[in-house]
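So you can see what is in the structure, the chains are spelled out below.
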Amino acid sequence: MRTNIVHAGADELSYEIREIVDFGLELEKEGAHLVWENIGDPVAKGEIIPEWVKEIIMDALKENSTFAYSPTKGLLETRKFLSDLRSKEGGEKLDADDILFFNGLGDATSKIYTYLNKNARVIGPSPAYPTHSSAEASHAGAHHLTYALNPYRNWLPDILDLRNKIHYNESISGILIINPDNPTGMIYPEQVLKEIVAIAKEFDLFLISDEIYSNIYYGPEKFVPLSRVLDGVPAIVMRGLSKEVPWPGARCGWIEVYNKDKDTAFARYIKTIHDAKMLEVSSTTLPQKVLPKLFSDPRYKEYLKRRQDAYRERALIACKILGKVKGISMVKPSGAFYLTVVFNQGALSEKQALPIKNEKIKKLVENKASSLPPHALDKRFAYYLMGGAHICVVPLSGFNTDLYGFRMTLLEENGAKFEKILRDLSEAIEKYISSC
Ligand code: PLP
């Protein structure tokens, strides 16, 4: 090419949650029947969408306007509904005009970082949901900057680490939090949120809070929306339908912009995101249309409660079964629907393996493992787990962290099957760790 056509952030895009699937599919071609524990899609794992939800959606399909474009920001009545809801919840003021719909939060995430000045950085948690860390790194053409979540302190953020990194790096303009957190299941306690808001205030930063799991919490920590503790700091809060209806196929997420007018640069940045959205014309109309009816239906709360109870129960069972395994540690999640397991220091090595009877599968796993760099020890474990126990999890190194571990889901609907997965997983971990 006459000029360099490669984006400066080309090497920063990775999404292990789906990348690992390609290898799993290769193994399935050779006869392995995998249990997919990699992706956070409750519907794919067997969650049944209630009939009343489907009826609301079918009623919307009878209206001609459902087939039309929506306005750039999203349907006004839906934005008004959300702004009223937030005012009832007691957060900082949110105008319907400060809500902007996207084709899922994946789309919103991409726009938020793409239209941020290249030299302005957003520091995010480590481990981190890779859509954020990759998009931020790609916008800057440099590795994502992170603050540590501590697996030995309930995955709470290291506030001193965060403050120091901000203090010594003037390019940091924003702080990202994911609350409830993916992959750790941690919920930011109110006091910690206030400390983060205070840092943002002190250094004149904006905040991004991805709250897509805001209705998926099951204690003991209580979820507090960022809007309740913002204290005038400019912020983008991200919400969506993918996890809580759950309706990931609707591709419907939105941002709520707080305190836009407190800072002219922030207001200009938000206008850029809006203008970029305008070029795209519109976001998905159907889910926006049904959102107020779904959220205000008395059955919705009961439905969410049933799901929260199920995740609490599964989190307990998972920690009980995996908690007996030597060489790993975990924190019982309080929100979202994942469990992150960390390998203790020194538990993994380059020589470990699991027995695999099928010769072709064994060869595929060995080849894949030998193509890895020496430090990719949790990826090696994940490949052997796929070949030897037919379980697909996501290696923790895919979440922008140096910790070794993996993330599994709490989504398996069939109780007996869930316990079997956990027992098979425990046995495989023990065998793998003690294999040399
Ligand atoms: N944010 C977080 C923290 C997620 O875990 C996910 C999906 O797993 C998303 C955003 C993506 O949401 P959407 O389906 O709206 O693109």
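Look a little higher up for the structure.
Everything quoted here is computed from the prediction, not taken from an experiment.

**Some thoughts on a negative patch on the surface**
Okay, step 1: A contiguous patch of negative charge, built from Glu 19, Asp 22, Glu 26 and Glu 30, is present on the exposed surface.
Okay, step 2: Taking relative accessible area as the criterion, Glu 19 reaches 40% and is therefore assigned partly exposed.

**Observations regarding helix H2 (residues 51-61)**
Okay, step 1: If you check which residues of H2 are buried, you get Trp 52, Val 53, Ile 56, Ile 57 and Ala 60. Seen from one end, H2 has its buried residues packed into an arc of 145 degrees, which puts them on one side.
Okay, step 2: Elements that come into contact with the buried residues of H2 comprise helix H9 (285-296) and helix H10 (298-322).

**Focus on the pattern of salt bridges**
Okay, step 1: Inspection of the entire model under this criterion finds 31 salt bridges.
Okay, step 2: A salt bridge links Glu 47 to Arg 307, with the nearest nitrogen and oxygen atoms 3.4 Å apart. Of this pair, Glu 47 sits in the loop between strand E1 (35-36) and H2 while Arg 307 sits in helix H10, placing them 260 residues apart in sequence.
Okay, step 3: For Arg 307, a relative accessible area of 5% gives the class buried.

**What about the pairing of strand E3 (residues 121-126)?**
Okay, step 1: With 6 of 6 residues buried, E3 is to be regarded as a mostly interior element.
Okay, step 2: Where E3 and strand E6 (residues 172-178) come together, 3 bridges link them in parallel fashion. When the bridges of E6 are listed, Val 122 appears paired with Gly 174.
Okay, step 3: In terms of strand pairing, E3 meets strand E4 (residues 146-150) through 3 bridges, oriented parallel. Each bridged residue has a counterpart across the sheet, and for Ser 126 the counterpart in E4 is Ala 148.

**What about a nonpolar patch on the surface?**
Okay, step 1: A contiguous nonpolar patch, built from Met 1, Ile 5 and Val 6 and spanning about 400 Å² of accessible area, is present on the exposed surface.
Okay, step 2: When its relative accessible area of 62% is taken as the criterion, Ile 5 is described as exposed.

**With respect to the packing of aromatic side chains**
Okay, step 1: Tallied over the full model, the rule gives 19 aromatic pairs.
Okay, step 2: Judged by centre distance (5.5 Å) and plane angle (55 degrees), the rings of Phe 206 and Tyr 269 are tilted. With Phe 206 in strand E7 (residues 206-210) and Tyr 269 in helix H8 (residues 264-280), the pair connects residues that are 63 residues apart, well separated along the chain. Judged on exposure class, the residue Phe 206 and its partner Tyr 269 are both buried.
Okay, step 3: Ring centres of Phe 295 and Tyr 300 lie 5.2 Å apart, and the angle between their planes is 20 degrees; this geometry places the pair in the stacked category. The pair formed by Phe 295 and Tyr 300 is uniform in burial state, with each residue classed as buried.
Okay, step 4: Through a chain of ring-to-ring contacts, the aromatic side chains of Tyr 213, Tyr 218, Tyr 311, Phe 337 and Tyr 338 assemble into a single cluster.

Reading the values: the criteria
Starting from 1, residues in each chain are numbered consecutively following that chain's sequence as written. Predicted model: local features are reported for residues with pLDDT of at least 70 only, side-chain atom pairs are reported and counted for 80 or more only, and whole-chain, interface and lining totals are derived from all residues. Note that the side-chain values use all heavy atoms of the structure and ignore hydrogens as well as water. Patch membership is restricted to residues that have no salt bridge and whose relative accessible area is over 30%. Joining uses 9 Å for like charges and 5 Å for the nonpolar side chains Val, Leu, Ile, Met, Phe, Trp and Tyr. Exposure was quantified through the Shrake-Rupley algorithm and a 1.4 Å probe, taking into account, for residues, occlusion by the shown protein chains and nothing else. A side-chain nitrogen of Lys or Arg and a carboxyl oxygen of Asp or Glu constitute a salt bridge if their distance falls within 4 Å. None of His or the chain ends enter the tally, which takes Lys and Arg as positive and Asp and Glu as negative. A charged residue contributes its charge at one atom only: NZ of Lys, CZ of Arg, CG of Asp or CD of Glu. Each residue is assigned to one of three classes by its accessible area relative to the maximum for its type, calculated with a 1.4 Å probe on protein chains only: buried under 20%, partly exposed between the two thresholds, exposed over 50%. Numbering of helices and strands runs from the N terminus, with a helix taken as a DSSP run of H or I at least four residues long and a strand as a DSSP run of E at least two residues long. For this quantity, the arc is that covered by the directions from the helix axis to the C-beta atoms. Two residues qualify as a contact provided that any one of their heavy atoms is within 4.5 Å of a heavy atom in the partner residue. A pair of strands is considered paired only if DSSP assigns at least 2 bridges between the two. Any two of the Phe, Tyr and Trp rings considered here, Trp counted by its six-membered ring, make a pair once their centres fall within 6.5 Å; the pair's planes then place it as stacked at under 30 degrees, edge-to-face at over 60, or tilted in between.

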